[in-house]
Structure formats: C-alpha cells, structure tokens
Amino acid sequence: MDDDVRERVQALHEHLAATAERPVETRSSQWLGEAEAAARDAAGDGVPEAAVAKRVSQVVHLLENVEETGDEAADEHVERARELAAALDERLSGP
C-alpha cells in the first residue's frame, strides 16, 4: 500500500478520534466509537491492503448512521472523515 493511502487512513482515524474529545450525542457517539475503532485497525502498522479496504468500507457504513452530533466541531470532523472514507473506499475497492 502506498504512503498516500496510509497517510489518508491515519488522517481518517485522527478525525474520528477527535470526536471522542467532543460533547457528542449518545447515539452518535456509539456509531463514532465503532467507526474510530475500525479506522484505528486500518491505520495499524503492517495491515494488509485488503484488511484496510474492509475496515474503511465499515467506516463508510457506520458513518451513514451519524446524522448530527450536537457539536459543531465534531460535525466538522465527521464531515471530513466521511470525505476521506468515501475517497479511500473508492480507491481501495477499484480494479
């Protein structure tokens, strides 16, 4: 896996981890916690590309359940995480 993908996966994890520092609504917090755990797994050292692709896809689906967090800063992190996850998912699931 190339360095660009690895950096984007790390950035995805950082955005999701940042939501844990914010006062987020309970239900959104649960989805975000699961998404953050999947992103953390994907960002680990030596993770095979197929596993990264699977985890990123899980993040995309988990974030679909987050409507609003109740915190503007967390919403910005979620939006950026959605963008990163979607772009990574497209790139990693390509031919």
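To be clear, the structure that these remarks concern was listed above.
Basis of the calculations
Residues numbered from 1 in each chain as written. Predicted model: local features only at pLDDT ≥ 70, side-chain atom pairs only at ≥ 80, totals over all residues. Heavy atoms only, no water. Helix = DSSP H or I, 4+ residues; strand = E, 2+ residues; numbered from the N terminus. Rg over C-alpha atoms; globule rule 2.2 N^0.38 Å. Buried < 20%, exposed > 50% of the residue type's maximum accessible area, 1.4 Å probe, protein only. Areas by Shrake-Rupley, 256 points an atom, 1.4 Å probe, with all protein chains shown as cover.

### Focus on the overall build of the chain
Scanning the chain from terminus to terminus reveals 4 helices and 0 strands. In sequence order, the secondary structure elements of the chain are arranged as α-α-α-α. For the chain, whose C-alpha radius of gyration is 12 Å, the value lies close to the compact-globule estimate of 12 Å for 95 residues. Counting every position in the chain, which comprises 95 residues, the buried fraction comes to 37%. Carbon and sulfur atoms make up 44% of the accessible area of the chain, which amounts to about 5500 Å² in all.

### Examining the environment of Ala-17
Within the secondary structure, Ala-17 sits in helix 1 (residues 3-19). A relative accessible area of 25% means that Ala-17 is categorised as partly exposed.

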